[in-house]
Amino acid sequence: MDDADPLLIALADPARWRLVRLLAERPRPVGVLAQLAEARQPQTTKHLQTLERAGIVTSQRSGQRRVYALRSGPLRELAAALGRLADTADRQGGSRETYDRYGLSLASERRAAEGPGWADERSFRFHRSLAGDPVAVWRHLTETALLAHWWTPDDLRVSDLVFEARPGGHIALEYRDMEDTGSTGDAGGAGDAGGAGDSEGPGGSGSSGESGSSDPVVGRGDGVVDVARPGERLAYRLSPRLPDGGAAFTAHVDFGLRPTDTGTDLDVHYLIADSTVESADFVAGIEIGFGQCLDKLATALDATHDTSLDATRPSARTEGKQVQP
């Protein structure tokens, strides 16, 4: 069903819905429908005409009466369309499942946040086996243009980014809703590198709070690089910012890279320090959001790896033939 609006508008009125229910039982004339619906006949006639224009009912004159009957086809099409919407929302591993998981985590963390330091020493560990050698993985961890494609969970996007890939280097991150198409700055600032950072996944819940502000930026974070050994180890501290500008907590994130026969094993240790009561919303999203970020990193490296393989394969015209020097 391409456009369900006329049907939904026609069915939304309680009086018309009552008429549809009566006609589902059997075809009936206008006068009888008005009596059963306890309504005046002129009003009933207008409602029936609206339903007929929407294709929900049909009518024919029989002597002095006009008899209306329900058309089941449009209702079945509408029911099927609504069923498909429900199936999309309920699909396993979909956005609604993630929303519900975050809601459960959010309630739990809010109950636990009784005072400053409530989440200190909480740690998370992540592992991904990635395509590409450690050099390629390091580039995705430390080059802004590559980092911006994976450094936020599925529903967010990087709108501004600074990452100086050296010990003591500055990190700054700003992100917006994925579907926010408003004007933004380039995802890249003073630095020419990126890290693996902080949002709903790397550093928090992906929300800077319900402040009622019209600011399209939904989150910010900043920090400093502690260790940068290309192809081996990246470690940094990063703090998501609360609406008032204060730090929600400090994330100590340590990436270890190890070459394998098929690519690179990436191990990440994520440790929370300096947690505030207000950080509960951020902490609730770390496991889900950071996992989504790493999944996006794996997908990006898979695509790069596949492209490299395609470039090295012989073309259809040269495969199996000797190429003249």
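Residues numbered from 1 in each chain as written. Predicted model: local features only at pLDDT ≥ 70, side-chain atom pairs only at ≥ 80, totals over all residues. Heavy atoms only, no water.

Asker: Help me get a handle on the overall build of the protein chain, residues and values and all.
Answerer: Scanning the protein chain from N- to C-terminus turns up 10 helices and 10 strands. Burial status across the protein chain gives 41% buried among its 325 residues. The long-range fraction of contacts in the protein chain, counting pairs at least 24 apart against all pairs at least 6 apart in sequence, stands at 64%. Total accessible area computed for the protein chain in this model is approximately 17,900 Å², and 48% of it derives from carbon and sulfur atoms. (Helix = DSSP H or I, 4+ residues; strand = E, 2+ residues; numbered from the N terminus. Buried < 20%, exposed > 50% of the residue type's maximum accessible area, 1.4 Å probe, protein only. Contact = heavy atoms within 4.5 Å. Areas by Shrake-Rupley, 256 points an atom, 1.4 Å probe, with all protein chains shown as cover.)

Asker: Can you lay out the pairing of strand β5 (residues 156–163) for me, pointing to particular residues and giving the numbers?
Answerer: It is a general feature of regular strands that their side chains alternate between the two faces of the sheet. Burial analysis of β5 places seven of its eight residues in the buried class, which makes it a mostly covered element. The loop that links β5 with its antiparallel partner strand β6 (residues 170–177) comprises six residues; one of these, Gly-168, has a positive phi angle of about 85°. (Pairing = 2+ DSSP bridges.)

Asker: With reference to specific residues and values, describe helix α5 (residues 72–90).
Answerer: Helix length check: α5 (19 residues) gives 27 Å between terminal C-alpha atoms against 27 Å at 1.5 Å per residue, within 8%. Turning to α5, its buried residues are Pro-74, Leu-78 and Ala-81. What you see down the axis of α5 is that its buried residues fit within an arc of 60°, all on one side. Those residues of α5 that are exposed and aimed more than 90 degrees away from the buried face are Arg-76, Asp-87 and Asp-90. (Expected span 1.5 Å × (residues − 1). Arc of directions from axis to C-beta.)

Asker: Residue-level account of the sheet that holds strand β1 (residues 28–29), with values.
Answerer: Strand pairing in a sheet relies on backbone hydrogen bonds. The paired strands run either parallel or antiparallel. Ordered by their spatial adjacency, three strands build an open sheet running β1-β3-β2, and the pairing between neighbours is antiparallel. Across the chains shown, the open sheet's two edge strands, defined by having one partner strand only, are β1 and β2 (57–62). One ladder, built from two bridges, connects β1 with strand β3 (residues 65–70); its direction is antiparallel. Its bridge partner being in β3, Arg-28 is matched across the sheet by Tyr-68. Packed onto the sheet, helix α2 (residues 14–25) meets β1, β2 and β3 and runs at close to 90° relative to β3. (Axes fitted to C-alpha atoms, helices over the stretch in contact; angles between N-to-C directions.)

Asker: Outline the environment of His-127, supporting the account with residue identities and numerical values.
Answerer: The residue His-127 is located in strand β4 (residues 123–131) in this model. Judged by relative accessible area, which is 37%, His-127 ranks as partly exposed. In this structure, the C-alpha to C-alpha distance between His-127 and Val-268, residues 141 residues apart in sequence, is 6.3 Å. Ignoring any residue separated from it by four or fewer positions in sequence, one finds His-127 in contact with Asp-265, Leu-266 and Asp-267. A polar atom in the side chain of His-127 sits 3.4 Å from the side chain of Ser-129. (Polar contact = N/O pair within 3.5 Å; in protein donor to acceptor, adjacent residues only side chain to side chain.)

Asker: How would you sum up the pattern of salt bridges? Please name residues and give values.
Answerer: Any two side chains of opposite charge can pair if their charged atoms end up close together. What the rule picks out here adds up to 14 salt bridges. Measuring nitrogen to oxygen at the nearest pair gives 3.0 Å for the salt bridge that ties Glu-109 to Arg-122. Placement of the pair is Glu-109 in helix α6 (residues 95–112) and Arg-122 in the loop between α6 and β4, with a sequence separation of 13 residues. Exposure remark for Glu-109: the relative accessible area of 10% places this residue in the buried category. Note that Arg-241 and Asp-222 form a salt bridge whose closest N and O atoms lie 2.9 Å from each other. Note that Arg-241 is positioned in the loop between β8 (233–240) and β9 (250–259) and Asp-222 in strand β7 (residues 217–229), a separation of 19 residues in sequence. (Salt bridge = Lys/Arg side-chain N within 4 Å of Asp/Glu carboxyl O.)

Asker: I'd like a rundown of the packing of aromatic side chains, residues and numbers included.
Answerer: Going through the model one piece at a time under the given rule, you end up with six aromatic pairs. With 6.0 Å between their ring centres and 85° between their planes, Phe-124 and Tyr-270 make a pair best called edge-to-face. You can see Phe-124 sitting in strand β4 and its partner Tyr-270 sitting in strand β10 (residues 263–273), a full 146 residues away along the chain. By the burial criterion, Phe-124 is buried, and Tyr-270 matches it. On the basis of an interplanar angle of 85° and a centroid distance of 6.5 Å, the ring pair of Phe-163 and Tyr-236 is categorised as edge-to-face. In this pair, Phe-163 is assigned in strand β5 and Tyr-236 in strand β8, connecting sequence segments 73 residues apart. For Tyr-236, a relative accessible area of 1% corresponds to the buried category. (Phe/Tyr/Trp six-rings, centres within 6.5 Å; stacked < 30°, edge-to-face > 60°.)

Asker: Give me unusual backbone geometry: which residues, what numbers.
Answerer: In the Ramachandran plot, Glu-121 falls in the positive-phi region, its phi being about 75° despite a non-glycine side chain. Along the chain, Glu-121 falls in the loop between α6 and β4. Under the relative-accessibility criterion, Glu-121 is labelled exposed at 61%. A positive phi is found at Asp-274, a non-glycine position, where the angle reads about 55°. Summarising the element assignment, Asp-274 is placed in the loop between β10 and α9 (280–283).

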